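Geometric and topological summary
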Amino acid sequence: MQDFLQQTLSGEAPHQRRGETAHLRWQWLYHGILILEPTEPVNQALVLSAGIHGNETAPVEIVSQLVNALLRGEKPLRQRLLVILGNPSALRTGKRYVRYDINRLFGGRWQQIDDCDEARRVLRLEQTLETFWQQGACDESRWHLDMHTAIRGSWHTQFGVMPHSERPWPPEFLDWLAAAGLEALVFHRAPGGTFTHFSCEHFGAASCTLELGKALPFGENDLSQFRAAQQALAALLYGEPMPAATASPRHYRVVQQITRLSEHFTLHMSPDTLNFTAFPQGTLLAEEGDKRYYVQQAREYVLFPNPHVATGLRAGLMLIEEGEQTQALPR
Ligand SMILES: O=C(O)CCC(=O)N[C@@H](CCC(=O)O)C(=O)O
Ligand SMILES: [Zn+2]
């Protein structure tokens, strides 16, 4: 296979479904799903995914470049690696999703929607991860990096979203995220239907949703903005030197989720509001019938505000920065 992205976009299975280089063996498992195993024994396994949303193309281009170099035999591999381009149909159309946002369906939530390609895709991805992790030794370290881009511009242009976990995060994982150039880390405080929640909750993986810049069509991305992330990935995959972290990411925690429940939902934010915009205590953020969302803490920052999500889905998250003084409004 010459080019994993082009192969995936073609919708065709490759003529040759497995192969090897001097460093590794690879196998095409299904559309957008490729497994690569080093010939030398290793004790680390990585799931590297992108294209869970079909309009978020920069990470797809980055993953494809990294993987193509491995397929051409130009680079060694230091991990067992499962590469996933999450939603090939959506990638072909350049839309976030075709019928349903697959990053809300993991952990079996696909069973709660009508049978459709996206529900089946999530089942396939869940099963593929399960088999991949089971194939490793029991002491193998498990990481999952799921790469996205944000719909809006952001005060922090590159950041990570960490799934809810009761376990402490491995320091080497946090160090890697800092070296990848992430300016902020956002910590969820409740379980969710994202891919990273699934791998963290079900398989104990250290996982993070990486948000790299703003969503643009294929060919319009300036990948040089993401040099640190690309170098950090090359370090992980090929054993190249890690870039030095220039700053420690700021830490934020989710304190409220705004959910759109009906057609009557109104979000009181302009379409230009950037991610991580701060709002003072008492600000009315959104309303829907009798339900009103206000800023509770002294100051809260908005993430992923989107009044156009399907009903029942998250229309925004409100964050506080760790270490900032908090004082909630009396209820
Ligand atoms: O910019 C937006 O509104 C969405 C960008 C995006 O797709 N983000 C992920 C975050 C997943 C997480 O919470 O870990 C998503 O919404 O699925
Ligand atoms: Zn996304």
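These numbers come from a predicted model, not from an experiment.

The rules behind each value
- Residues numbered from 1 in each chain as written.
- Chains lettered and ligands numbered in written order.
- Predicted model: local features only at pLDDT ≥ 70, side-chain atom pairs only at ≥ 80, totals over all residues.
- Heavy atoms only, no water.
- Donors = N, O, S within 2.8 Å, 3.2 Å for Na, K, Ca; no water.
- Buried < 20%, exposed > 50% of the residue type's maximum accessible area, 1.4 Å probe, protein only.
- Phe/Tyr/Trp six-rings, centres within 6.5 Å; stacked < 30°, edge-to-face > 60°.
- Helix = DSSP H or I, 4+ residues; strand = E, 2+ residues; numbered from the N terminus.
- Pairing = 2+ DSSP bridges.
- Salt bridge = Lys/Arg side-chain N within 4 Å of Asp/Glu carboxyl O.
- Expected span 1.5 Å × (residues − 1).
- Contact = heavy atoms within 4.5 Å.
- Domains from an automatic or database assignment.
- Buried area = accessible area lost by both parts, 1.4 Å probe.

Details of the coordination of the zinc ion (ligand 2)
Around the zinc ion (ligand 2), the protein contributes the donor atoms H53 (ND1), E56 (OE), E56 (OE) and H148 (ND1), which lie 2.0 to 2.3 Å from the metal centre. Relative accessible area serves as the criterion here: at 2%, H53 is assigned to the buried category. The class of H148 is buried, set by a relative accessible area of 2%.

Examining the packing of aromatic side chains
Evaluation of the coordinates by the stated rule reveals 13 aromatic pairs. Where F106 meets F195, the ring centres are 4.4 Å apart and the plane angle is 15°; that geometry is what we call stacked. Highlighted residues: F106 in the loop between helix 3 (88-93) and helix 4 (117-134) and F195 in helix 6 (residues 195-203), separated in sequence by 89 residues. Judged by its relative accessible area of 0%, F106 falls in the buried class. On the basis of relative accessible area, F195 is assigned to the buried category, the value being 0%. Through a chain of ring-to-ring contacts, three or more aromatic side chains come together here, namely F106, F132, W133, F195, F198 and F203.

Overview of the pairing of strand 6 (residues 141-150)
Within strand 6, 8 of the 10 residues are buried, which leaves it mostly tucked inside the rest of the structure. Where strand 6 meets strand 9 (residues 206-214), 7 bridges bridge the pair, whose relative direction is parallel. Note that in strand 9 the partner of W143 across the bridge is A206.

Focus: the pattern of salt bridges
Under the counting rule described, the total for this entry stands at 12 salt bridges. Among the ionic pairs, E322 bridges to R189, the shortest N-O distance being 4.0 Å. On the criterion of sequence distance, the pair formed by E322 in the segment after strand 16 (314-321) and R189 in the loop between strand 8 (184-187) and helix 6 is long-range, its members being 133 residues apart. Relative accessible area serves as the criterion here: at 34%, E322 is assigned to the partly exposed category. Assessed through its relative accessible area of 45%, R189 is described here as partly exposed. Each of the salt bridges in this network shares a partner with another, and the network as a whole consists of E37, R80 and E140.

What about helix 7 (residues 227-238)?
The first and last C-alpha atoms of helix 7 sit 16 Å apart over 12 residues, in line with the 16 Å expected at 1.5 Å per residue. The elements touched by buried residues of helix 7 are strand 4 (44-50), helix 2 (58-71), strand 5 (80-85), strand 6, helix 5 (171-179) and strand 9. Once helix 7 ends, the next one or two residues include G239, with phi positive near 80°.

Notes on the domain arrangement of the protein
Parsing the protein into structural domains produces domain 1 (4-238) and domain 2 (257-321). When each unit is reduced to the centre of its C-alpha atoms, the spacing between domain 1 and domain 2 is 28 Å. Taken together, the contact pairs 15 residues of domain 1 with 17 residues of domain 2. It is R104, R152 and W155 that lose the most area in domain 1 upon contact with domain 2, and together they represent 44% of the buried surface on that side. In this assembly, domain 1 and domain 2 are joined by 0 salt bridges.

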